[in-house]
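Structural overview
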Amino acid sequence: MGVKCKCGYCPTVILPGIGQSKVDLLDDEGKRIKSAWPLDLDEKALLKEILPSALKMLATRKDNGFTDTVAAAIKKALDPLACTNEGIVKNRLRVVSYPYSLAECTPEERRYIYKMVPLEQLSEVVGESHLYFFSYHSFGQVYETAKQLHSYIQMVKEKTGHDKVNLVPVSLGGSLAVAYLDAYGYKNDINRVVNFVPAVNGSTVVADLMEGKLDFSNPAELFEFIFGSGTAEKICSYLKFFPSGMADLLLKKTVAAAVEVIACNSPQIWAVVPHEKYTSLRAKYLCDGKHEALRAKADRFHRAHSDLASLVKREQERGVEFFSICGYGRQLIPFCGSRDVNSDTVVDLKSASLGAYSPAFGEALPADYKNEHSNCSNPEHNHISPDRTVDASTSLIPDSVWFFKGQIHDDTAYNDVALLICRELLTNKKFNSVYSDPRFPQFNGARNIRKIKYNLLPQARELDVSGLPEAVKKELCDAVSECEKLFSYTIVEDNSLAQNATERLAAALDSAKPQEAIK
């Protein structure tokens with residue numbers, strides 16, 4: 001290790017979610033062909049491939065092999081993400097990596113990382129030299145990724161002069177953190193794990209996809225999940241011309257194709273199967289005599305998943321502190337068949353909170369409910385949510401998990417209160433529980449300040465107000481003030497205050513801009 005740093009802040013390594021690392025597809029000479037992930041779908045080539053079959057289907061009003069043609073085309077389009085039956089990446093890929101701190105990133109790289117995980121307030125305290133973004137292939141081998149993370153952490157320690165690092169696992173990063181601690185916890189190089197909407201015990205969304213337990217009445221949501229919003233919109237515009245029943249059949253075959261190519265052979269995706277669902281899905285996909293090597297890899301992670309309590313306890317005894325920030329009070333994405341799971345739309349509450357209990361979505365704890373399996377031994381602590389839909393005392397970390405009611409998974413990155421909690425946990429040793437600071441209670445409301453922070457306020461601050469009519473100028477100033485005041489509220493009932501402030505500032509800007517143009 002180099003010169004020991006005495007700044008007092010451990011460097012932070014972000015473990016991003018499934019859509020936050022870029023991966024390139026390479027040719028045999030190592031030259032970039034296109035983006036493998038996020039998926040770079042050649043829509044024109046796909047349409048050309050299926051068009052003859054589609055025209056025949058529309059003319060005869062019968063399948064005539066059309067849905068099979070589409071399924072084959074989708075498999076081909078998704079092939080850059082495919083793994084072999086052994087769980088090994090099939091194609092030549094290159095992860096767009098950042099083997100250096102944000103301080104060493106180019107402006108473009110820095111903008112991308114902050115867009116993925118907006119931790120600007122953290123870097124203002126610890127410095128960008130102590131903030132790192134570990135990118136990886138989301139559909140690869142979870143323990144191979146853990147090995148790469150181990151090397152990355154050693155690099156961070158060497159560069160910063162610290163003995164330990166903090167981890168911030170986001171979404172899929174939660175499963176990666178489990179694999180890392182399972183394989184390398186003995187290295188004792190982790191200080192705090194600050195989970196951010198983590199899939200620590202996977203997601204029922206993945207299980208529903210692999211089980212085929214889906215609601216096909218929401219095709220737009222399903223296609224958007226697989227292909228992205230632009231392609232999904234075009235696909236759905238064609239579905240209305242299909243014969244009765246054809247759309248459902250196409251959806252089923254599309255999902256089956258996607259599961260076959262990018263899910264059932266990927267150890268990393270198997271790591272996002274909730275451990276309660278693993279045994280049945282293992283029997284369905286991995287016991288056919290063709291997947292022994294993959295099954296061994298998936299089994300290894302399943303053992304760690306199933307005994308998460310022992311893993312957490314072991315790491316706590318080594319000095320690792322665990323925290324989690326999660327959303328609840330939402331159903332899973334509409335295409336999922338599991339409608340009774342309390343979640344943030346993507347990750348189950350139970351998974352993100354490391355074991356908090358909730359009755360079925362829409363139900364409350366009974367009036368005579370008692371904590372029969374509590375992990376909190378302090379009788380003065382009340383870990384039941386105000387709406388009586390969550391009991392956090394059953395979490396493995398009941399005193400260090402925060403909940404935001406109604407928070408949507410992807411929008412949590414724009415919940416400024418959640419980000420402030422994250423910053424405090426990564427910079428303040430005394431901030432170590434939900435009782436550390438009354439500004440940040442265990443149960444809070446949802447918030448999304450994305451449009452205010454990144455769009456409207458920058459516009460308002462750049463606007464020349466000198467020649468505006470007084471009434472227009474005053475409304476704009478008042479709207480800006482309302483938005484800025486919003487950031488001082490850390491106890492939130494719901495997103496209505498942020499929504500109202502957003503609408504008011506947008507309207508004020510609309511009124512001011514024509515006046516500015518006249519000048």
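Our subject is the structure listed above.
Just so we're clear, the structure is a prediction, and the values are computed from it rather than from any experiment. (Residues numbered from 1 in each chain as written. Predicted model: local features only at pLDDT ≥ 70, side-chain atom pairs only at ≥ 80, totals over all residues. Heavy atoms only, no water.)

With respect to the overall build of the chain
When you go through the chain residue by residue, the secondary structure sums to 19 helices and 10 strands. Compactness check: the chain gives a C-alpha radius of gyration of 24 Å against a globular reference of 24 Å for 519 residues, within 12% of the reference. Taking all 519 residues of the chain together, 52% fall into the buried category. Considering only intrachain contacts with a sequence separation of at least 6, the fraction spanning at least 24 residues in the chain is 74%. In the structure as shown, the chain presents an accessible area of about 23,300 Å², 52% of it carried by carbon and sulfur atoms. Charge-centre separation for the chain: the mean point of 62 positive side chains lies 3 Å from the mean point of 66 negative side chains. (Helix = DSSP H or I, 4+ residues; strand = E, 2+ residues; numbered from the N terminus. Rg over C-alpha atoms; globule rule 2.2 N^0.38 Å. Buried < 20%, exposed > 50% of the residue type's maximum accessible area, 1.4 Å probe, protein only. Contact = heavy atoms within 4.5 Å. Areas by Shrake-Rupley, 256 points an atom, 1.4 Å probe, with all protein chains shown as cover. Lys, Arg positive; Asp, Glu negative; His and termini not counted. Charge placed at Lys NZ, Arg CZ, Asp CG, Glu CD.)

Details of the sheet that holds strand β10 (residues 443-445)
Strand pairing in a sheet relies on backbone hydrogen bonds. The paired strands run either parallel or antiparallel. Pairing is parallel across the open sheet formed by seven strands, whose spatial order is β5-β1-β6-β7-β8-β9-β10. Of all strands in the sheet, those bounded by a partner on one side alone are β5 (131-133) and β10. Sheet twist, expressed as the mean angle between neighbouring strand axes with direction ignored, is 20°. Two strands pair when backbone bridges link them, and strand β1 (residues 12-15) and strand β6 (residues 165-169) are joined in this way by four bridges, in the parallel orientation. Following the sheet pairing, isoleucine 14 is matched in β6 by valine 168. (Pairing = 2+ DSSP bridges. Axes fitted to C-alpha atoms, helices over the stretch in contact; angles between N-to-C directions.)

Some words on the sheet that holds strand β2 (residues 23-26)
With antiparallel pairing, three strands are arranged side by side in an open sheet as β3-β2-β4. In the strand order of this sheet, the two ends are held by β3 (32-37) and β4 (93-95), each with one partner. Strand-to-strand, the axes of this sheet are offset by a mean angle of 35°, without reference to chain direction. The pairing of β2 with β4 spans three bridges and is classified as antiparallel. Bridged to aspartate 24 within β4 is arginine 94.

A short note on the pairing of β2
Here β2 shows no split at all, with Val23 and Leu25 on one side and Asp24 and Leu26 on the other all buried. Sheet topology places β2 next to β3; four bridges connect them, and they run antiparallel. The residue bridging valine 23 from the neighbouring strand is tryptophan 37, located in β3. Remark: five residues form the turn of the hairpin made by β2 and β3, two consecutive strands paired antiparallel; glycine 30 in that turn has positive phi of roughly 85°.

Quick notes on the packing of helix α5 (residues 142-160) against helix α6 (residues 173-184)
Packed helices, taken two at a time, are described by the angle between their axes plus the distance between the axes. Contact geometry for α5 and α6: axes closest at 9 Å, N-to-C directions at 75°. Between α5 and α6, the crossing angle belongs to the class labelled roughly perpendicular. Contact residues: α5 offers Val142, Tyr143, Thr145, Ala146, Lys147, Leu149, His150, Ile153 and Gln154, while α6 offers Leu176, Ala179, Tyr180, Asp182, Ala183 and Tyr184. Residue composition of the contact of α5 with α6, grouped by class: 10 nonpolar, three polar and two charged. (Parallel < 35°, antiparallel > 145°, perpendicular 65-115°, else oblique. Nonpolar A, V, L, I, M, F, W, Y, C, P; charged D, E, K, R; others polar.)

What about helix α3 (residues 107-116)?
Buried within α3 we find Glu109, Tyr112, Ile113, Tyr114 and Met116. Among the structural elements, α4 (120-126) and β5 are those in contact with the buried residues of α3.

What about empty space enclosed by the protein?
Here the structure, examined in full by the defined rule, presents two cavities of 30 Å³ or more. Estimates place the volume of the largest cavity at around 90 Å³. If you go around the largest cavity, the residues you meet are Gly174, Ala177, Val178, Leu181, Val193, Asn195, Val200, Leu308, Leu311, Val312, Phe322 and Leu354. Counting only elements with at least two residues in the lining of the largest cavity, the list comes to α6, β7 (190-196) and α14 (308-317). (1 Å grid on protein atoms, 1.4 Å probe; cavity = no way out; pocket = protein on both sides within 12 Å on 5 of 7 lines; lining within 4 Å. Points joined across faces, edges and corners; volume = space filled by probe spheres on them.)

Section: the pattern of salt bridges
Counted under the stated rule, the structure contains 24 salt bridges. Among the ionic pairs, glutamate 315 bridges to arginine 314, the shortest N-O distance being 2.9 Å. In this structure glutamate 315 comes out as buried when scored by relative accessible area, which is 1%. The partly exposed category is assigned to arginine 314, whose relative accessible area is 29%. When the shortest N-O distance is used, the salt bridge between glutamate 315 and arginine 318 registers 2.6 Å. Within the structure, one salt-bridge network assembled from shared partners comprises Asp24, Arg32 and Arg94. (Salt bridge = Lys/Arg side-chain N within 4 Å of Asp/Glu carboxyl O.)

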